[in-house]
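Given next are the chains, with one letter for each unit.
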Amino acid sequence: MKTQIKILALLFLLALNFSCNKTNEAAEEEIQTELETNVYALVSEYDGANFTINVWKNDIPTPLNLTNTTSVSSSSMYVSGTDVYVGGSEYNGTKHVAKIWKNGVSTSLTDGTNSTFVTTIFVSGNDVYAGGKEQNGSAIIWKNGVATFLSNNVSDVNSIFVHNNDVYAVGYEEIDDSPIATLWKNGIATSFGNSAKYVEGASVFVTNNDVYVTGNENTPDEYTVKVWKNGEPSNLNSTYLPTAVSIFVLGDDIYVTGSEYIRGTEKTKARLWKNGVGSDLTDGVNRAKGLSVFAADTDVYVGGYEYNGSKNVAMIWKNGVPTNLSDGTNNAIVTSVFVTIN
């Protein structure tokens, strides 16, 4: 009798354990299926007279609230929670005014006395950073609307990244009348290259206290695209007249996008480099360029454009597969791509 009770108890425990395991597996599966990937793209379109700026979330475009569509630029986007921030500038009739749009509604960063431009935006906690320049003047960082000028020389900020409360900005500063790639950390400048070459920092990414900068180093005889990791340069493989625009680092992988010319033509191929090795996103039949790269989980997204024979078509490549975000009626480009998984 005791033996039967023991056997029944053991069978009950095994059944209970099996049931719990199945319940846990079901719960984990339910959690996994609840995760949603959202792909945002910032699309600028021009019909020959007016601009429209749309934020695409997956397949749905939402227009920015513009006050003057005859001259507007918007090149950077950042998504924080449910809020979408866009940086750019808008013409007031005489000058360009630096602006930030939050969920489609704009706030001016400048009063229109001088033309100013926002080229990059980054959000960290409750702080909103924007970078750009005053026309024919100095590079600027705005933090929550307050401007800090980075140089007394002609300069510009192309990219911002905030990490562990440190603010990194990359762009260029003219030294001896030649642009030199420059990285500012909390306002302190470090230059790459020398005045004998045209060197510009295009994009910065910081992770695990490592600082990655991609950019271009050109002479009349040679064009080179590079990644500097903590100041140490390495070349990206290329064939002819390459350009690097955007960088993203995920784990041990370094992604850079841009373009490369086809020798003997005026055509460019959109290009993605992974750990220094390049692959073509387009076949070179039409001009194309990658302008923004974002890696999430196992997927890599590139935003940019490809010419259709008469107009630029806004495009996103996901793992090399293209999707059109404009119909080719007007010139359109994707200037920024951002992905959330939650």
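All figures in this text were calculated on a predicted structure; none of them were measured in a lab.

A. Looking closely at the sheet that holds strand β16 (residues 198-207). Taking strand neighbours across the sheet as the criterion, the four strands line up as β16-β17-β18-β19 in an open arrangement whose pairing is antiparallel. Of all strands in the sheet, those with a lone pairing partner are β16 and β19 (232-235), marking the two edges. Each adjacent strand pair in this sheet contributes to an overall mean axis angle of 25°, direction not counted. Of the strand pairs in this sheet, strand β18 (residues 223-229) and β19 are connected by four bridges, and their pairing is antiparallel.

B. Local environment of the layout of surface pockets. In this structure, the largest pocket occupies an estimated 1000 Å³ of space. Along its surface, the largest pocket is lined by 44 residues, and S75, T119, N158, L291 and T335 are the ones closest to its centre. Partitioning the lining of the largest pocket into residue classes produces 23 nonpolar, 19 polar and two charged. Volume-wise, the second largest pocket comes out at about 210 Å³. For the second largest pocket, the lining is made up of 13 residues, of which Y40, V55, T62, V84 and N103 are closest to its centre. Within the residue set of the lining of the second largest pocket, elements represented by two or more residues are β2 (51-57), β3 (60-63) and β5 (83-91).

C. The packing of aromatic side chains, seen in detail. Tallied over the full model, the rule gives nine aromatic pairs. Summarising the aromatic geometry, the rings of F122 and F161 are spaced 4.8 Å apart at their centres and angled 50° between planes, so their arrangement reads as tilted. Separated by 39 residues along the polypeptide, F122 in strand β8 (residues 116-124) and F161 in strand β12 (residues 155-163) bring together distant segments of the chain. Between F205 and F248, the aromatic rings sit 4.7 Å apart at their centres with planes inclined by 55°, giving tilted as the arrangement. Within this pair, whereas F205 is found in strand β16, its partner F248 is found in strand β20 (residues 242-250), the two being separated by 43 residues in sequence. The pair formed by F205 and F248 is uniform in burial state, with each residue classed as buried. In this structure an aromatic cluster arises from ring pairing among Y78, F122, F161, F205, F248, F294 and F338.

D. Just the environment of Y91, in detail. Topologically, Y91 is positioned in strand β5. On a C-alpha basis, the gap between Y91 and L66 in space is 10.0 Å, while along the polypeptide they are 25 residues apart. With residues near it in sequence (within four places) discarded, Y91 still touches N68, T70, S71 and H96. Among the polar contacts listed, one links the side chain of Y91 to the backbone oxygen of G93, at a separation of 2.9 Å.

E. Structural view of the pairing of strand β10 (residues 139-143). Burial analysis of β10 places four of its five residues in the buried class, which makes it a mostly covered element. Sheet topology places strand β9 (residues 127-134) next to β10; five bridges connect them, and they run antiparallel. The partner of G131 across the bridge, within β10, is I141. The antiparallel pairing of β9 with β10 creates a hairpin that spans four residues between the two strands, and N136 there sits at a positive phi of about 55°.

F. Expanded view of the pattern of salt bridges. Applying the stated criterion across every chain, the model contains four salt bridges. Across the salt bridge formed by K226 and E217, the nearest N and O atoms sit 3.7 Å from each other. The closest approach of N and O atoms between R271 and D280, which form a salt bridge, is 2.5 Å. Three or more residues are tied together by salt bridges with common partners; here these are K269, R271 and D280.

Definitions and cut-offs
Residues numbered from 1 in each chain as written. Predicted model: local features only at pLDDT ≥ 70, side-chain atom pairs only at ≥ 80, totals over all residues. Heavy atoms only, no water. Pairing = 2+ DSSP bridges. Helix = DSSP H or I, 4+ residues; strand = E, 2+ residues; numbered from the N terminus. Axes fitted to C-alpha atoms, helices over the stretch in contact; angles between N-to-C directions. 1 Å grid on protein atoms, 1.4 Å probe; cavity = no way out; pocket = protein on both sides within 12 Å on 5 of 7 lines; lining within 4 Å. Points joined across faces, edges and corners; volume = space filled by probe spheres on them. Nonpolar A, V, L, I, M, F, W, Y, C, P; charged D, E, K, R; others polar. Phe/Tyr/Trp six-rings, centres within 6.5 Å; stacked < 30°, edge-to-face > 60°. Buried < 20%, exposed > 50% of the residue type's maximum accessible area, 1.4 Å probe, protein only. Contact = heavy atoms within 4.5 Å. Polar contact = N/O pair within 3.5 Å; in protein donor to acceptor, adjacent residues only side chain to side chain. Salt bridge = Lys/Arg side-chain N within 4 Å of Asp/Glu carboxyl O.

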